[in-house]
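Reading the structure
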Amino acid sequence: FDIIQFRENIKLGQRIDKTTVEVLDEGSWRLLTAVTTIGANRLIHLDRPVKSTALKISFEAPVALCIGEIGVYTMQ
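Now for a look at the structure at hand. (Residues numbered from 1 in each chain as written. Predicted model: local features only at pLDDT ≥ 70, side-chain atom pairs only at ≥ 80, totals over all residues. Heavy atoms only, no water.)

1. Topic: the nonpolar core
Residues F1, I4, F6, I16, V21, V23, V35, I38, I44, L46 and V50 constitute the largest nonpolar core, which totals eleven residues. When contributions to this core are tallied by element, the ones reaching two or more residues are β1 (3-8) and β2 (18-25). With residues near it in sequence (within four places) discarded, V35 still touches D17, K18, T19, R42 and I44. (Core = buried A, V, L, I, M, F, W, Y, C linked by side-chain atoms within 4.5 Å. Buried < 20%, exposed > 50% of the residue type's maximum accessible area, 1.4 Å probe, protein only. Helix = DSSP H or I, 4+ residues; strand = E, 2+ residues; numbered from the N terminus. Contact = heavy atoms within 4.5 Å.)

Now the structure itself:
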C-alpha cells in the first residue's frame, strides 16, 4: 500500500490530536508515519509502497474516539 486513509465522525467534532502508524518489519515495529489531526477525511500518501503482514495504529485524543473508517490502498 502507499495510501492510508482515516475518517472521523466529524458530526461529533474533531477529537484526535495525533495518530501514528507502525509496520511489522522483520519481527519489530517500525514507525511508518505520524500525523496530527484527521478531521472528516485524511489521506496520507507514502513516498514508496509498503508491504507488511501487520500494522499498529495508535491514536491520542482528549476524549473518546469516533473513527468512521480506516483504509490502506495502492495507487495504480
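That was the structure; now back to the text.
2. Details of the packing of aromatic side chains
Taken as a whole and assessed by the stated rule, the structure comprises one aromatic pair. Ring geometry for F6 and F59: centres 5.8 Å apart, planes at 85°, overall edge-to-face. Placement of F6 in strand β1 and of F59 in strand β5 (residues 55-60) is noted, with a sequence separation of 53 residues between them. Judged by its relative accessible area of 0%, F6 falls in the buried class. (Phe/Tyr/Trp six-rings, centres within 6.5 Å; stacked < 30°, edge-to-face > 60°.)

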